[in-house]
Amino acid sequence: MADMLNPSKISSMFNAAVGIPDRKSTLSQSEEFKSFRSSFPLKNVAVDLHEYEWRYFEGGDKKTPLLLCIPGASGTAECLFRQLTGLCPKGYRVVASQPPPYYTVNEFVVGMDAFLDHLAPTEVHIFGASLGGFLVQQYCVHRPKRVSSIILCNSFCSTESFTNGMMTPMYQFMPTLVLKNIILSSFNPDQVPVPVAEAIDFVIEQLDTMGQGDLSSRLTLNGTSGTITGLKMEEEKITLIDSLDKTARPAELREELWRRYPNAKKASVRMGGDFPFLAAPEEVNLYIEVHLRRVGVTVNLPNLEPQQGGVEGQEMTAPPPR
């Protein structure tokens, strides 16, 4: 019976019933992703009275300051795998996380407190994508001394544009397939470069692993009216990473975020779409590194065995993901 309730199995059964083949993205079938899954085990932990668990992947030296990554409304912990594969070999401690269903900001703050207690970092820096970035800002408002710096990727500082009147309270009662269609309707249907298309396909495939609670809670948080006020973090400790091509986020929300943090560092990805951390990981990871160095994070490169034919004394580092 447990297998029958698995959301991915339910989706597969539905697709088979209507004649739609199961979606297997190019990225999920790649050797890069398979290597990631073999190198970074999935962890689950229940840290508070909530009945669900945080899902996360972790890598790097626990004595190093933590970079915690939080996805957007349609993302899973797997969607941030290229931050682990790109940054952990360079000595950074990275956790790609997926919060359990939280329906209010207060629930998220309490859950985040408990999750950070579990991780026990020496210092916390957070990368938040889209809705994840909005929740990161809310967390910093409520816990101003706990986070050292933040990186906001394709994010926003107000949900007013997403507020949907009487619809928002109904999300938690809608079936999974309806919620998926609501999320899918926000994706860019136009022709896009191959890396952006592959990132979208990967995220759509990951949606099949998310349950009704995951989807309804994300849409509820996204659709509940809220604006960031009272964030006391120095703007020099904030970096804004934005895709310049078409995204689901309205352009005015990006401009509003820039006005909200006029002295924050700004970085642009020319062709990143809604998921630049997947579509353009080399650029995004470079911006993350620059940010962390600027706020004082130093790391020691792990000891790597010299490769055959390497030059004596030459520093050997893992290549960036392709």
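Bear in mind the structure is a predicted one, so any value in this text is a computation, not a measurement.

Draft legend 1. Region of interest: the pattern of salt bridges. Inspection of every chain in the model, using the stated rule, returns 11 salt bridges. Put simply, Glu58 and Lys43 hold a salt bridge, and the shortest N to O gap is 3.0 Å. Of this pair, Glu58 sits in strand β2 (residues 54-59) while Lys43 sits in strand β1 (residues 43-45), placing them 15 residues apart in sequence. The class of Glu58 is buried, set by a relative accessible area of 12%. Between Arg143 and Asp113 there is a salt bridge whose closest N-O contact spans 2.7 Å. Highlighted residues: Arg143 in the loop between α5 (131-142) and β6 (149-153) and Asp113 in helix α4 (residues 105-119), separated in sequence by 30 residues. Taking the relative accessible area as the measure of exposure, Arg143 reaches 30% and is therefore partly exposed. On the basis of relative accessibility, which here comes to 13%, the residue Asp113 falls in the buried class.

Draft legend 2. Looking closely at the nonpolar core. Within the largest apolar cluster, 48 residues are counted, with the highest numbers of intra-cluster contacts made by Phe127, Phe277 and Leu278. Looking at this core, the element that brings in the most residues is helix α7 (residues 194-207), giving seven residues. With residues near it in sequence (within four places) discarded, Leu278 still touches Leu27, Cys79, Phe81, Arg82, Ala199, Phe202 and Val203. One finds Leu119, Cys157, Tyr261 and Ala264 within the second-largest nonpolar core, a separate group that totals 38 residues.

Parameters and conventions
Residues numbered from 1 in each chain as written. Predicted model: local features only at pLDDT ≥ 70, side-chain atom pairs only at ≥ 80, totals over all residues. Heavy atoms only, no water. Salt bridge = Lys/Arg side-chain N within 4 Å of Asp/Glu carboxyl O. Helix = DSSP H or I, 4+ residues; strand = E, 2+ residues; numbered from the N terminus. Buried < 20%, exposed > 50% of the residue type's maximum accessible area, 1.4 Å probe, protein only. Core = buried A, V, L, I, M, F, W, Y, C linked by side-chain atoms within 4.5 Å. Contact = heavy atoms within 4.5 Å.

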